[in-house]
Amino acid sequence: MRKSLLALVAAGLLTTATLTACDDGGDTGETGSDSATTSNGGTEITGNAGIGVILPDTKSSARWSTSDPAYLQAAFKKAGITAQIVNAEGDKEEFKRLADTLLDKGAKVLIIASLDAASGKAVIDDAHSRNVPVIDYDRLTLNGNADYYVSFDNEKVGQLQAQELQKCIAEKNVANPVIATLNGSLSDNNATLFKNGYDGVLNQLYDTTEFRKGPDQYVPDWDDDKGREMFSLMIKQYPNIGGVLAANDGLGNAAIEVLREKGLNGKVQVTGQDATVEGLQNVLAGDQCVTIFKDGKLEADAAAELAVKLYGGDKPALPDKLKDPQSGLYIQFKKLEPQAITKANVKAVVEAGYVDAAKLCTAKFKKACKTAGVTE
């Protein structure tokens, strides 16, 4: 089922597709109070909005155009709630325009993955002025005062990255390596949380001189091309780099591409995050030490379940809260657990249905997939 869903999403605009929770993705039908309508392209919103979802872009991570809209769509269809899922394509003004349109179309709940604090706050303020609750999805809108926040334990994501990097470097018997850091976008609070997590581990290793601190930079907008350029300069200035703490798989691959040019891939240890097909293939090839799996279905299902309750007039109390570092307010937080993925457990991502084995285990990676137990 998931493969069919992803195929639909990848095709582009899903304006009137209706999918049941257990069909093959091939049925379409009329939109009503018992069906879910989604659009993915950021420009067309038709009919009653019901629950509105605004995703940030299609560049920073493949998830925003594949797994997240597919999982959310399936969850709302299963609940029988009309929903509109749109993507701002990295445009902050478009992000606000989409929110305004969804609210004008009668959205009773908004789920947003903000591009930055300013545009995110503008959307939340607009929604609250109309008595519409807002769920921050995956990313906390700083000073935004959303009603709820659904995400993974993002500091733990960073901790896992640093801990696995330490293990990989120890296995390679590299002494006192210089560590380069490619952080995510400074405008994304998640990038700050990831950094808090891995810096907590790395700083201790720097203090004991097990590791040596190297270049440490934020990559604007999580842009892989910029990350590649930045890492090229880093390794030119520090040719003895022995490890790269890259905040996600895209930035990790950007560093790996530079390392390949120098014949250093597999020798210099690199981290990642998101368990993308590319990231998992890099792990299988031995070019990437670890990726972090944040099961998108768990996150989408949790956000959808919360949104459906809000849609029905319920305002559930959650056991966890997260302090907004700017406003000082505590936001109700649905916290999910991330998982470190190495060669030893790549198959866990496939078994979870997050990645198709056929897509992962192409001809180039068939042998590695078999060795890792992904295929027989």
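Let me begin by describing the structure that accompanies this report. If you're wondering where the values come from, they're calculated on a predicted model, not measured in any experiment.

Another point: the sheet that holds strand 1 (residues 51-55). Strand order in the open sheet formed by seven strands is 2-1-3-4-5-12-11, and the pairing between neighbours is mixed. Pairing within the sheet leaves two strands with one partner each, and these edge strands are strand 2 (83-87) and strand 11 (320-323). When the angles between neighbouring strand axes are averaged without regard to direction, this sheet yields 25 degrees. Along the sheet, helix 4 (residues 117-129) contacts strand 3 (109-112) and strand 4 (134-137); its crossing angle with strand 3, the most-contacted strand, is approximately 170 degrees.

This part takes up the pattern of salt bridges. Under the defined criterion, the tally for this structure stands at 23 salt bridges. One salt bridge connects Arg-139 with Asp-188, and the closest N-O pair in it is separated by 3.3 Å. A residue pair is termed long-range when its members are at least 10 positions apart, and Arg-139 in the loop between strand 4 and strand 5 (148-152) and Asp-188 in the loop between strand 6 (178-183) and helix 6 (189-207) qualify at 49 residues. The class of Asp-188 is buried, set by a relative accessible area of 6%. Residue Asp-216 is joined to Lys-195 by a salt bridge in which the shortest nitrogen-to-oxygen separation is 2.7 Å. A residue pair is termed long-range when its members are at least 10 positions apart, and Asp-216 in strand 7 (residues 212-218) and Lys-195 in helix 6 qualify at 21 residues. Note on Asp-216: relative accessible area 27%, which makes it partly exposed.

Before going further, it helps to examine the packing of aromatic side chains. Applying the stated criterion to the full structure yields four aromatic pairs. Between Trp-64 and Tyr-137, the ring centres sit 6.4 Å apart and the planes meet at 65 degrees, which makes this aromatic pair edge-to-face. A residue pair is termed long-range when its members are at least 10 positions apart, and Trp-64 in the loop between strand 1 and helix 2 (67-79) and Tyr-137 in strand 4 qualify at 73 residues. Neither Trp-64 nor Tyr-137 differs from the other in exposure class; each is buried. Centre to centre, the rings of Phe-194 and Trp-222 are 6.3 Å apart; their planes meet at 75 degrees, and the pair counts as edge-to-face.

The subject of this paragraph is unusual backbone geometry. The phi angle at Asp-138 is positive, at roughly 70 degrees, despite the residue not being glycine. Even without a glycine there, the phi angle at Thr-209 is positive, about 65 degrees. Counting through the fold element by element, Thr-209 comes out in the loop between helix 6 and strand 7.

Time to look at the side chain of Asp-57. As for its position among the elements, Asp-57 is in the loop between strand 1 and helix 2. It is Arg-139 that comes nearest to the buried, bridge-free Asp-57 among opposite-charge side chains, at 4.4 Å. A distance of 3.2 Å separates a polar side-chain atom of Asp-57 from the backbone nitrogen of Lys-59. Of note is the side chain of Asp-57, whose polar atom sits 2.8 Å from the side chain of Ser-60. Each residue touching Asp-57, except ones within four places of it in the same chain, is listed here: Trp-64, Asn-87, Glu-89, Gly-90, Leu-115 and Arg-139.

Calculation rules
Residues numbered from 1 in each chain as written. Predicted model: local features only at pLDDT ≥ 70, side-chain atom pairs only at ≥ 80, totals over all residues. Heavy atoms only, no water. Pairing = 2+ DSSP bridges. Helix = DSSP H or I, 4+ residues; strand = E, 2+ residues; numbered from the N terminus. Axes fitted to C-alpha atoms, helices over the stretch in contact; angles between N-to-C directions. Contact = heavy atoms within 4.5 Å. Salt bridge = Lys/Arg side-chain N within 4 Å of Asp/Glu carboxyl O. Buried < 20%, exposed > 50% of the residue type's maximum accessible area, 1.4 Å probe, protein only. Phe/Tyr/Trp six-rings, centres within 6.5 Å; stacked < 30°, edge-to-face > 60°. Lys, Arg positive; Asp, Glu negative; His and termini not counted. Polar contact = N/O pair within 3.5 Å; in protein donor to acceptor, adjacent residues only side chain to side chain.

Note that all results are geometric; they support no functional claim without further evidence.
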